[in-house]
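If you want the building blocks of each chain, they are given just below.
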Amino acid sequence: LEVMILSQSSQNNVISGIHEGVRYRTIMPDLVRFKLALLFPVLNVKAIISLKRAYRSDMKNIIYNYGPPRPDDVFILLVCRLMGYKIVCDVVEDYELAYGISNSLFHRIKMTGINFLTRHIKYIASGVVVITSHLKNKYSKLLTQNKAIHYMPITINIQQYSEKVTPFGEIMKLFYSGSFGV
């Protein structure tokens, strides 16, 4: 097993190495904003070359894509699909609901692209992993019968925490991250 990361910052991350026995490497580190836009074609070519070298005809070759296909990664995903990779999208948000978060032109273009690709996910992904029943229902309608959808809700093991949960009425600490109620 090898994990290939398209791009990440080296400021707080080790770019390549072994984590818990899994080898990983970053194809093009430190691509942000203008630098990413400028070097985007180079990133695509390097990613495809790296994925072509990593492909093993005698093994299962899977691209695990965090999130639905996006305008910045769809070309790589489609080329990998043609190479024989299975594409699995790990979807944790409903991007249709994120459209109104910002009025910036860049945000609206990005969300429009993501939502368009989401509606056509059956042509890109071999399967989808979702974390909520809302996303399961949504993607069940978007995928064809032969495409897998896996529902993996996020859970917390309360036994890992030493603090006891107090009844309402006393001070209660709560942390939630995600799309609450969706």
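Structure report, in brief. (Residues numbered from 1 in each chain as written. Predicted model: local features only at pLDDT ≥ 70, side-chain atom pairs only at ≥ 80, totals over all residues. Heavy atoms only, no water.)

Turning to the nonpolar core, a few remarks are in order. Judged by nonpolar contacts, the single largest core of 28 residues is most densely connected at Cys80, Ile121, Val128 and Tyr139. Those elements giving two or more residues to this core turn out to be helix 1 (33-54), helix 2 (74-83), strand 5 (86-91), strand 6 (127-130) and helix 4 (133-142). With residues near it in sequence (within four places) discarded, Tyr139 still touches Pro68, Val91, Thr118, Ile121, Val128, Val130 and Ile149. (Core = buried A, V, L, I, M, F, W, Y, C linked by side-chain atoms within 4.5 Å. Buried < 20%, exposed > 50% of the residue type's maximum accessible area, 1.4 Å probe, protein only. Helix = DSSP H or I, 4+ residues; strand = E, 2+ residues; numbered from the N terminus. Contact = heavy atoms within 4.5 Å.)

What follows is about the side chain of Asp90. As for its placement among the helices and strands, Asp90 is situated in strand 5. Despite being buried, Asp90 has no salt bridge partner; Arg70 is the closest side chain of opposite charge, sitting 11 Å away. A polar contact of 3.1 Å, which involves the side chain of Asp90, links it to the side chain of Tyr64. Asp90 has contacts with Tyr64, Asn65, Tyr66, Gly67 and Val129, leaving out every residue within four places of it along the chain. (Lys, Arg positive; Asp, Glu negative; His and termini not counted. Salt bridge = Lys/Arg side-chain N within 4 Å of Asp/Glu carboxyl O. Polar contact = N/O pair within 3.5 Å; in protein donor to acceptor, adjacent residues only side chain to side chain.)

For the largest pocket, the calculated volume is near 1,600 Å³. Met4, Ile5, Leu6, Tyr64 and Asn65 are the residues nearest the centre of the largest pocket, which is lined by 43 residues in total. Within the residue set of the lining of the largest pocket, elements represented by two or more residues are strand 1 (2-5), strand 3 (22-26), helix 1, strand 4 (62-66), helix 2 and helix 3 (105-119). In terms of residue count, helix 1 provides more of the lining of the largest pocket than any other element does, 7 residues in total. Residues of the lining of the largest pocket, tallied by class, amount to 28 nonpolar, 4 polar and 11 charged. (1 Å grid on protein atoms, 1.4 Å probe; cavity = no way out; pocket = protein on both sides within 12 Å on 5 of 7 lines; lining within 4 Å. Points joined across faces, edges and corners; volume = space filled by probe spheres on them. Nonpolar A, V, L, I, M, F, W, Y, C, P; charged D, E, K, R; others polar.)

Turning to the sheet that holds strand 5, a few remarks are in order. Read across the sheet, 4 strands follow the order 4-5-6-7 without closing on themselves; strand pairing throughout is parallel. Each of the sheet's edge strands pairs with one partner strand only, and the pair in question is strand 4 and strand 7 (148-151). Neighbouring strand axes in the sheet, compared pairwise and without regard to direction, differ in orientation by 20 degrees on average. In the sheet, strand 6 pairs with strand 7 via 4 bridges, with the strands oriented parallel. Paired with Val130 across the two strands is Tyr151, which belongs to strand 7. Packed on one face of the sheet, helix 4 meets strand 5, strand 6 and strand 7 and runs near 170 degrees to strand 7. (Pairing = 2+ DSSP bridges. Axes fitted to C-alpha atoms, helices over the stretch in contact; angles between N-to-C directions.)

So, about the sheet that holds strand 1. Strand order across the open sheet formed by 3 strands is 1-3-2, with mixed pairing between neighbours. Of all the strands in the sheet, just strand 1 and strand 2 (16-19) have a single pairing partner and so form its edges. In this sheet, neighbouring strand axes are inclined to one another by 20 degrees on average, regardless of whether the strands run parallel or antiparallel. Bridge count for strand 2 against strand 3 is 4 bridges, and the pairing is antiparallel. Paired with Ile18 across the two strands is Arg23, which belongs to strand 3.

The next point concerns helix 4. All buried positions along helix 4 are accounted for by Leu135, Lys138, Tyr139 and Leu142. Mapping the buried residues of helix 4 onto a view down its axis gives an arc of 90 degrees, with all of them on the same face. The elements touched by buried residues of helix 4 are strand 5, helix 3, strand 6 and strand 7. (Arc of directions from axis to C-beta.)

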